[in-house]
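Residue-level listing of the chains:
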Amino acid sequence: MSSLDQANKLRAQFGEILSESIEFRGEITLKLSDANRIAEVCEFAKKSLGFDYLVDISSVDNYGDDPRFTIVYELYSYGHRTHLRLKTDVGEERSELPTVTGVWKTADWHEREIYDMMGVRFGGHPDLRRILMWEGYPHFPLRKDFPLAGKPTEMPDIAFSRPAPLEGGPFVTVPGGKDTLAREPRVRIPEEDSLETNARLERRPEIKEAHIDPNHISRP
Amino acid sequence: MPTVQEMQIGDAAARIQRVAAATDELSDIEGEKMVLNMGPSHPSTHGVLRIVLELDGEIITKATPDVGYLHRGDEKIAENMTYTQFIPYTDRLDYLAPLANNVAYALAVEKLMGIEKQLPPRCQYIRVICCELARISAHLLGVGAFAMDVGAMTVFLHTFYEREKIYNLCESLTGARFTTSYTRIGGLSRDLPPGWVEQCRKFCDEVVVNFNETEKLLTRNRIFVDRTKDVGVLPKDVAIDYGITGPNLRGSGIEYDLRKAHPYLVYDQLEFDVPVGSVGDCYDRYLVRMEEMRQSVRILKQCLKKLPDGPVNIPDGKTVLPAKNKVLTSMEELIHQFILVTQGMNAPAGEIYFGAENPKGELGFYINSKGGGTPHRLKIRGPSFVNLSVLPRLLPGHMMSDVVAILGSIDFVMGECDR
């Protein structure tokens, strides 16, 4: 029983909302045109086609396109050892689709992560909270319009956006430079650099405390 | 308050029912439940996992894991650099088995490029050796730390003695003990150094002695068995529902190993068995890890015996970085090097998912490419992230002291959980 057979069975049931099977590198992808019915399709895939293992849920931000987000479900069956990918688009205005936690329990954390990173909500999720970032964090960091260098927050006690102790030093990469040249410490001329650093430090509030993390990553 | 008799109920589900019944009776007495913060800097959480435990006496009624203390935004970083530049970041996912992460990531990108079948045999064998060394290294730590958590200090020192030898092998192989960054897209950063095969063979013989001693210290140790048997039972259906993978899944009795089910590299040409547990408790997970290490040694010995000669990189200048000495002496290689370093290779548009059987479970990469040298989206499926999501289901009904045993037996790494 190949992935293609399973995909055809799924299309026989939901033909009007599922696209043709797309094959790339031996994997079958089906695109669902109506995100609101994802839970229903997944339920059928699990109950009738035996896709009992949800490997992963990913999210893609197609910034500039409409609909903006794509949610990708990787399904796997222990019974017939086949893989199938389902994906569906979610527009930015609504940013919501039904949860599949009722089908697979493992979807719980995957969906929380997508909400945390992309800001797409899952209707009916039992506990939709941030998971990797902290409660109250205002941004969605995996969106394409979120800069790599991060954004400051207004929460001084939980997170601070003051310069790191070595920032501006001769061997420290400048985050958020416009290109690799601007980020590369070795190409900077020291005098210019110190002027620029001073100007940047002046713009920022004075450093009063050092934060040495009790959970530093060097702990094994 | 639970009585001594209640504590002696072996079955976790029955225990929590008792507690729930008792709690209803006492619900108007103030302070019958206690909330305890475990972590993020608790020694048994192996890094920075925080669990908020709700306790009734010594029995856990609710557990809420809190992850993300080690979140570094690896997926965001990956979108802003070429495929090759991301290799060092994969070292920091499961930092107890960096070689296995390197291999999994390289295979994922090669699947996107459609070149995984062109890998030279020598490269494939060396990659399998890397994966299995990483597996032994990760399981040695997993078992050692697990034993230490439940009170057997000696085992930890014992297994670390052997891990040190793996680090020495890594050092002579890659130049680094910890952050190996050994693979390249379409090959390896370097071939095996002279004499390495003999060193590795010697290690294979020595490490088995260590396994035997570790098993003597633990497998029939009364204290260890009492603390792990019938504790943290993970039934088959629950394990599948929660997407558990790796030794934890096999401990629950499901024979599923990506190396067997969907063989990559040369795993289909090697003989090895997939150990499974029967009950799915902490003790079974320990037994599965011990046997997996023995099977890894078996794979290592076959690989070292069969190791073919030849190149380790695909001879395609448009994908694989050329050798350094060629770059400095030959025009064509210089151009290839320049293009690959500045723009990256030209990946096709498309999307793939590749999962590899890593020590902790299925490490998967979902790559969405719009073409060109950088991924549009790179999602990492960290096995520890998924394995930890079962804790709210697994912990309630157990006693406080069982938490460390369960955490130790799940054997997670926060680096790949938080990414």
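Each remark here, short or long, concerns the structure printed above.
Source: prediction; values computed, not measured.

**Student:** Explanation requested: the overall build of chain B in the structure shown.
**Tutor:** A count of helices and strands for chain B gives 19 helices and eight strands. Taking 2.2 N^0.38 as the reference for a compact globule, 419 residues should give roughly 22 Å; the C-alpha atoms of chain B span a radius of gyration of 23 Å, in line with that estimate. Across its three principal directions, the C-alpha atoms of chain B cover 85 × 45 × 35 Å. Counting all 419 residues of chain B, 53% fall into the buried class. Looking at chain B alone, contacts between residues at least 24 apart form 71% of all its contacts between residues at least 6 apart.

**Student:** What's the story with the overall build of chain A in this structure? I'm lost.
**Tutor:** Helix and strand counts for chain A stand at five helices and seven strands. When the helices and strands of chain A are listed from N to C terminus, the series reads α-β-β-α-β-β-β-β-α-β-α-α. Evaluated residue by residue, chain A yields a buried proportion of 30% over its 220 residues. Long-range contacts, defined as pairs at least 24 residues apart, comprise 51% of the intrachain contacts of chain A with a sequence gap of at least 6.

**Student:** Just to check I follow, could you spell out unusual backbone geometry for this structure?
**Tutor:** Leaving glycine out, the prevailing phi sign among residues is negative, and the prevailing peptide bond configuration is trans. Here the bond from D66 of chain A into P67 of chain A is cis, since omega is -5°, no more than 30 degrees from zero. Relative to the assigned elements, P67 of chain A resides in the loop between β3 (53-61) and β4 (69-76). A positive phi angle, near 45°, is found at S181 of chain B, a position not held by glycine. Mapped onto the fold, S181 of chain B is located in the loop between α7 (153-174) and β4 (183-184). Take S181 of chain B: there are 19 C-beta atoms within 10 Å of it, and that puts it in the partly exposed class.

**Student:** I'm lost on the nonpolar core in this one. Help?
**Tutor:** Looking at soluble globular proteins, one finds that nonpolar side chains tend to be buried together. Residue and element names in this part refer to chain B. Residues L99 and A108 are the most contacted members of the largest nonpolar core, which totals 164 residues. The dominant element in this core, judged by the number of residues it contributes, is helix α6 (residues 121-149), at 17 residues. When residues no more than four places from it in sequence are discounted, the contact partners of A108 are I352, F354, F365 and I367.

**Student:** Would you mind going over the interface of chain A and chain B with me for this structure?
**Tutor:** Accessible area lost during the coming together of the parts is what is often quoted as the interface size. Facing 30 residues of chain A, the contacting portion of chain B comprises 37 residues. For the side of chain A that touches chain B, the elements supplying multiple residues, two or more each, are β3, β4 and α3 (107-118) of chain A. Per element, the largest residue contribution to the side of chain A that touches chain B is six residues, and it comes from β3 of chain A. Counted by class, the side of chain A that touches chain B contains 17 nonpolar, three polar and ten charged residues.

**Student:** Looking at this model, I keep getting lost on α6 of chain B. Mind explaining?
**Tutor:** Structural remark: α-helix, 3.6 residues per turn; residues separated by three or four positions point the same way. Residues and elements named next belong to chain B. Over its 29 residues, α6 runs 42 Å from end to end, which matches the ideal 42 Å to within 8%, given 1.5 Å per residue. Burial analysis of α6 places 26 of its 29 residues in the buried class, which makes it a mostly covered element. Positioned one or two residues after α6, G151 has a phi angle of 105°, which is positive.

**Student:** Is there a simple way to explain the sheet that holds strand β5 (residues 83-90) of chain A in this structure?
**Tutor:** Think of a sheet as strands paired side by side through backbone hydrogen bonds, with each pair either parallel or antiparallel. Residue and element names in this part refer to chain A. In spatial order, the strands read β1-β2-β5-β4-β3; together these five strands make up an open sheet with mixed pairing. Looking at which strands have only one partner, the edges of the open sheet turn out to be β1 (22-24) and β3. Averaged over all pairs of adjacent strands, the angle between strand axes in this sheet comes to 25°, irrespective of strand direction. Contacts from helix α1 (residues 3-13) reach β2 (27-32) and β5 within the one sheet, and its direction differs from that of β2 by about 15°. Packing against the sheet, α3 makes contact with β3 and β4, and its axis sits at approximately 10° to β3.

**Student:** Before we go on, may I ask you to explain the sheet that holds strand β1 (residues 34-38) of chain B in this structure?
**Tutor:** Residue and element names in this part refer to chain B. Taken in spatial order, the three strands of this open sheet run β1-β2-β3, and their pairing is antiparallel. One side of each edge strand has no neighbouring strand; the edge strands of this open sheet are β1 and β3 (59-66). On average, adjacent strands in this sheet sit at an angle of 20° to one another, irrespective of strand direction. The pairing of β1 with strand β2 (residues 50-56) spans five bridges and is antiparallel. The residue of β2 that forms the bridge with M34 is L55.

**Student:** Would you mind going over the environment of E292 of chain B with me for this structure?
**Tutor:** Residues and elements named next belong to chain B. With respect to the element layout, E292 can be found in helix α13 (residues 282-306). With 67 residues separating them along the chain, E292 and P359 place their C-alpha atoms 9.4 Å apart. Not counting residues up to four positions away in its chain, the partners in contact with E292 are R135, H139, P247 and P275.

Parameters and conventions
- Residues numbered from 1 in each chain as written.
- Chains lettered and ligands numbered in written order.
- Predicted model: local features only at pLDDT ≥ 70, side-chain atom pairs only at ≥ 80, totals over all residues.
- Helix = DSSP H or I, 4+ residues; strand = E, 2+ residues; numbered from the N terminus.
- Rg over C-alpha atoms; globule rule 2.2 N^0.38 Å.
- Buried ≥ 20, exposed ≤ 12 C-beta atoms within 10 Å, placed from the backbone.
- Contact = placed C-beta atoms within 7 Å.
- Core = buried A, V, L, I, M, F, W, Y, C linked by C-beta atoms within 7 Å.
- Nonpolar A, V, L, I, M, F, W, Y, C, P; charged D, E, K, R; others polar.
- Expected span 1.5 Å × (residues − 1).
- Pairing = 2+ DSSP bridges.
- Axes fitted to C-alpha atoms, helices over the stretch in contact; angles between N-to-C directions.

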